[in-house]
Each structure stands twice: as structure tokens, then as C-alpha cells.
Amino acid sequence: MAGGDDWIGIQERLVCGERLAFLELGRLVTSVLAQLRAYDFQDEWDDLRQEVALAVLANARKGRLRDPQAFVGYVRIITRNKFIDRLKTRMRRREHEALPWDEETARAVAERAGAVEAFDPADSLWREVERLPEAERELLVGVYREGKSYQEMSDETGVPLGTLKRRLRQALDLLRGHLAGGIESG
């Protein structure tokens with residue numbers, strides 16, 4: 001039992017459609033979102049709670065969630081995965097939309113360049129992307145500028161999906177390093 005809650009009992013009440021059981025599950029999901037520091041997504045927490053509840057309910061009805069500790073772990077993992085899916089969706093913006101970095105970083109890059117008034121974060125970011133090696137640049141441009149899915153990029157490049165995701169993560173780390181290095185040295 002996690003936190004003194006009878007999760008197997010709650011699960012049984014979920015299957016019966018008891019509203020209080022859904023509220024208790026929602027409390028668990030909310031605590032996971034808070035642990036993930038997903039505060040910028042609070043407007044989507046209700047949707048996330050519903051998605052998790054549907055997944056839990058489907059698996060509970062199939063008898064897959066019998067152990068109370070496994071139940072809590074499952075809820076945490078499914079909440080985290082659904083949150084990451086939403087985060088990825090927000091990050092896949094066209095270049096004219098908001099960038100996946102905060103205003104403070106944008107200002108620091110602008111100050112380094114000496115162009116605070118005329119600073120366009122998208123231009124600065126894509127200039128840094130152009131400085132990356134070709135393989136990393138191709139992935140970042142394909143996914144984040146052109147809005148292609150991972151599968152489309154995998155098909156286009158011939159790189160297996162898992163490898164492509166790892167390389168994309170490495171490319172983002174490299175880009176962060178370029179940006180952080182430029183800010184610190186400025």
C-alpha cells in the first residue's frame with residue numbers, strides 16, 4: 001500500500017464506477033504531475049487525469065493490476081508517459097511559434113549578440129542549429145522545423161526509430177551545450 005491507501009479496493013471501486021474512487025485516483029495522478037513539476041501544463045491536468053483514469057480502468061477490467069505497489073507504479077509511469085507525450089506535442093512547433101526555451105535564455109543570447117531590441121529567438125536558435133554537424137542538424141530541422149514525425153524521419157533517413165530518438169536527444173543536448181557555452185563565454 002502506498003501512503004496508506006487501499007489501491008486494490010480503489011481499483012475495484014473504479015471498475016464499479018464509483019465517483020470517489022476516480023477522485024482518489026485523480027489525487028494520485030495530480031501528485032505525480034506535481035512531482036514532475038508540470039505546473040506549466042496545469043490547464044491540461046484534467047485531461048491528463050482522464051486519460052490516465054481510462055488507461056487504468058481498461059487494465060483493471062482486464063485483471064492486469066493486482067498488486068497494490070504495482071498499481072501505484074503503473075499509475076506513475078502512465079502519467080509520466082502521457083505528460084511527456086503532451087510535452088513533445090508542444091515542442092513540435094513551427095519556427096514562427098514559441099520556442100522550447102524560456103525568455104531568460106532568449107534574453108541572455110540576445111545580450112551576448114548585442115541586439116536586445118531586434119532579437120528574434122527563432123533566428124538565433126536556427127543559426128546555432130546550422131552550426132551543428134550535418135546528421136544532428138538534419139534531425140532537428142526535420143522534426144522541429146518541418147514538423148515531421150519520428151517515424152517519417154526514420155523512413156526518410158533509414159535510421160531505426162530507437163536510434164533516431166537517441167540521436168535526436170543527443171542533438172538537443174549538443175545544441176543546449178552550444179547555447180549555454182555561448183552564453184557563459186559572452
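The shown structure was predicted, so the numbers you read here are calculated from the model rather than taken from an experiment.

> Where do I start with the environment of F41 in this structure?
Inspection of the secondary structure puts F41 in the loop between α2 (19–35) and α3 (45–61). With a relative accessible area of 6%, F41 lands in the buried category. Linking F41 and R86, residues 45 residues apart in sequence, is a C-alpha distance of 8.8 Å. Once residues within four sequence positions are removed from consideration, F41 is found in contact with F83, R86, L87 and R90.

> Would you explain α2 in this entry?
An α-helical turn contains 3.6 residues, so a residue and the one three or four places further along point in the same direction. Compared with an ideal rise of 1.5 Å per residue, which puts 17 residues at 24 Å, α2 spans 25 Å between its outermost C-alpha atoms and is within 8% of the ideal. Here α2 has its buried residues at A21, E24, L25, G26, L28, V29, V32 and L33. One or two residues past the end of α2 sits R37, with phi positive at roughly 55°.

> Would you mind going over the packing of aromatic side chains with me for this structure?
How two aromatic rings sit relative to each other is set out by the distance from centre to centre and by the angle between their planes. Applying the stated criterion across every chain yields a total of zero aromatic pairs. Looking at R145, its charged tip hangs above the ring of W126, at a distance of 4.6 Å from the centre.

> Would you mind going over the confidence of the model for the chain with me for this structure?
Reading predicted coordinates in detail is not appropriate for stretches of low pLDDT. Of the residues in the chain, 75% reach a pLDDT of 70 or more, and the chain-wide mean stands at 76. Averaged over each element, pLDDT in the chain is lowest for helix α5 (residues 103–113) (61) and highest for helix α8 (residues 150–157) (89). Confidence drops under pLDDT 50 across residues 115–119; counting only partners more than four residues distant or on other chains, this segment forms seven contacts.

> Just to check I follow, could you spell out the side chain of N59 for this structure?
Assignment of secondary structure puts N59 in helix α3. Judged by relative accessible area, N59 falls into the buried class, the value being 14%. Within the local environment of N59, its side chain forms a polar contact with the side chain of Y74, the two groups lying 2.6 Å apart.

> Would you mind going over the environment of E128 with me for this structure?
Residue placement: E128 occurs in helix α6 (residues 121–130). Look at E128 and you get buried, because its relative accessible area is 9%. For E128 and L179, which are 51 residues apart along the polypeptide, the C-alpha to C-alpha distance reads 7.4 Å. Here R131 takes part through its side chain, which lies 3.0 Å from a polar atom of the side chain of E128.

Criteria and thresholds
- Residues numbered from 1 in each chain as written.
- Predicted model: local features only at pLDDT ≥ 70, side-chain atom pairs only at ≥ 80, totals over all residues.
- Heavy atoms only, no water.
- Helix = DSSP H or I, 4+ residues; strand = E, 2+ residues; numbered from the N terminus.
- Buried < 20%, exposed > 50% of the residue type's maximum accessible area, 1.4 Å probe, protein only.
- Contact = heavy atoms within 4.5 Å.
- Expected span 1.5 Å × (residues − 1).
- Phe/Tyr/Trp six-rings, centres within 6.5 Å; stacked < 30°, edge-to-face > 60°.
- Lys NZ or Arg CZ within 6 Å of the ring centre and 35° of its normal.
- pLDDT = per-residue confidence, 0-100.
- Polar contact = N/O pair within 3.5 Å; in protein donor to acceptor, adjacent residues only side chain to side chain.

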